[in-house]
Amino acid sequence: MTALQPTLTRRLLDVLLTTEPAQSTRLAQAGLSMLVMAAGVAGMHYFVYAGVAPARPVTWWTLVCVAFLVGTFTLIRSGWSRRFEDASLVVPQMVCSITLAAWAYTLLGSARGAVFPIQMVILMFGLFAATPRQMAWISVYAVFIFGLVMLVMASIAPATYPPALELGHFIIVATMMPAVSILAARLSQIRHRLRMQRVELKHALARIEELATRDPLTGLVNRRHMQELVERERQRSVRSGHVFCLAMFDIDRFKAVNERFGLGAGDEFLRLFAREALVAVRVSDRLGRWGGESFLLMLTDARATLARGGVERLRERVAAIVMPAGAEAVRITVSAGLTEHHAGESAQAAIDRAQAALRDAKQQGRDRVVVA
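In this numbering scheme, every chain counts its residues from 1 along its sequence in written order. Selection of residues for local features in this predicted model requires a pLDDT of at least 70, selection of side-chain atom pairs for listing and counting requires 80 or more, and totals for whole chains, interfaces and linings are taken over all residues. Hydrogens and water molecules were not included; the side-chain quantities draw on all heavy atoms of the structure.

Enquirer: It is not clear to me how the nonpolar core should be interpreted in this structure. Could you clarify?
Expert: The tendency in soluble globular proteins is for nonpolar side chains to be buried as a group. Nonpolar cores are built from buried Ala, Val, Leu, Ile, Met, Phe, Trp, Tyr and Cys residues. Side-chain atoms within 4.5 Å join them into one set. Exposure categories follow from relative accessible area, calculated using a 1.4 Å probe and restricted to protein chains: below 20% of the type maximum is buried, above 50% is exposed, and the middle band is partly exposed. Among the nonpolar cores identified, the biggest contains 41 residues, and Trp61, Tyr105, Met135 and Phe146 are the most heavily contacted of them. Of all the secondary structure elements, the ones that give two or more residues to this core are helix 2 (21–49), helix 3 (55–77), helix 4 (90–108), helix 5 (115–127), helix 6 (132–156) and helix 7 (163–213). Here a helix means four or more residues in a row that DSSP labels H or I, a strand means two or more in a row labelled E, and each is numbered from the N terminus. Here this core gets ten residues from one element, more than from any other, and that element is helix 4. Membership of the second largest hydrophobic core comes to 32 residues, among which are Leu220, Cys245, Leu287 and Leu314.

Enquirer: What exactly am I supposed to notice about the side chain of His341 here?
Expert: For His341, the position within the fold is in the loop between strand 6 (334–340) and helix 12 (347–363). According to the relative accessible area criterion, His341 is buried, its value standing at 5%. Here the side chain of His341 touches Glu345 through a polar contact of 3.0 Å, landing on its backbone oxygen. Two residues qualify as a contact provided that any one of their heavy atoms is within 4.5 Å of a heavy atom in the partner residue. Those residues in contact with His341, other than ones at most four positions away along the chain, are Arg234, Ser237, Phe244, Ser346, Ala350 and Arg353. Two N or O atoms count as a polar contact when they lie within 3.5 Å, although within protein this holds only if one can serve as hydrogen donor and the other as acceptor, and sequence-adjacent residues are included solely when both atoms are side-chain atoms.

Enquirer: What should I look at first to understand the environment of Val318 in this one?
Expert: In this fold, Val318 is placed in helix 11 (residues 304–319). Residue class for Val318 comes out buried when judged on its relative accessible area of 1%. Separated by 92 residues in the primary sequence, Val318 and Met226 place their C-alpha atoms 22 Å from one another. With sequence-adjacent residues up to four places away left out, Val318 is seen in contact with Phe273, Glu276, Ile332 and Val334.

Enquirer: Looking at this structure, how should I read the pattern of salt bridges?
Expert: For side chains of opposite charge, pairing can occur when their charged atoms come near one another. Salt bridges, as used here, are contacts in which a Lys or Arg side-chain nitrogen is within 4 Å of a carboxyl oxygen on Asp or Glu. Here the structure, examined in full by the defined rule, presents 18 salt bridges. A salt bridge links Arg236 to Glu233; the shortest N-O distance between them is 2.8 Å. On the criterion of helical spacing, the pair formed by Arg236 and Glu233 is a turn pair, its members being three residues apart in helix 8 (residues 223–240). Given the relative accessible area of 28%, Arg236 is considered partly exposed. The partner of Arg353 in a salt bridge is Glu345, with the nearest N and O atoms 2.7 Å apart. In terms of burial, Arg353 and Glu345 fall into one category: buried. If you follow the salt bridges from partner to partner, you end up with Arg308, Glu312, Arg315, Glu316 and Asp367 in one network.

All we've got here are geometric facts, nothing functional implied.
This is the structure:
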């Protein structure tokens, strides 16, 4: 029984708070506000027991509180509140809570000072969720509603709510609320700065990852990352039973191009091949720069017979391109070695076989595909 208890508790929390992180946070905040309000309700009924507050009006006040809390939780839990920017309904909750606190102020008589600590707790919820503008309006509303309540009660029940004492209470409220708004603005600035720091850190990490996995010249994945991708595909093939192929490409007579037209022309050849290859290959295939003028293409879920057609089309596409180099027009060609990964072998063994097939293609006259 004890072993099942955590599981049952977890399931109950998942039902109440859902398993979606953002929604769970909203509902947890709403649940915490419900607990605070429940403490306020208990306090009100204690004052009824102590003979300070009238029982019947407090009962009506309690029913309204319960309806408000249950209704708010239901609107958030059902997802209805997501249509608003304030999906947690923080501002409506605070406005309703302040209104209920002002109502409680009229019921507590000599114990009405107990409302102010509860009021501060209500405002604390807004400090971490509402914007400075929202907190400013909430503060104005709180000053207005409490000022109105104090004025009315001092007028109709001066014996219990002496005007001079109510004026002092109003001064406290009118001072406290703007101070809370200033604090909310300060906290908002801190949250904004932290949020910007997180965004900058995220971008920096993305940039570091880009530099660690990408070839800066062609924009393709680099050799180290390509090796990782091939190994992942090998592991996937073990689980799924699917096969994949590797094709090693090499730009023909690349050294002669560099010597005749310069390194800039050679770099442009590399970029041109990368662009054309990315257009020609399937979305699921991965192409990386292996080093120098060599490139490795991984064709997922493909047998060698099918992969050869794609590799041949890529070779023909590149061969049809004429690139200007100075005053001349140069046609480039590529050689390729293609192999199918064999079940049980390592990724490196397949790569080595593709490289051997590429050497055969070079020896047979270049501008061709050899299957190993």
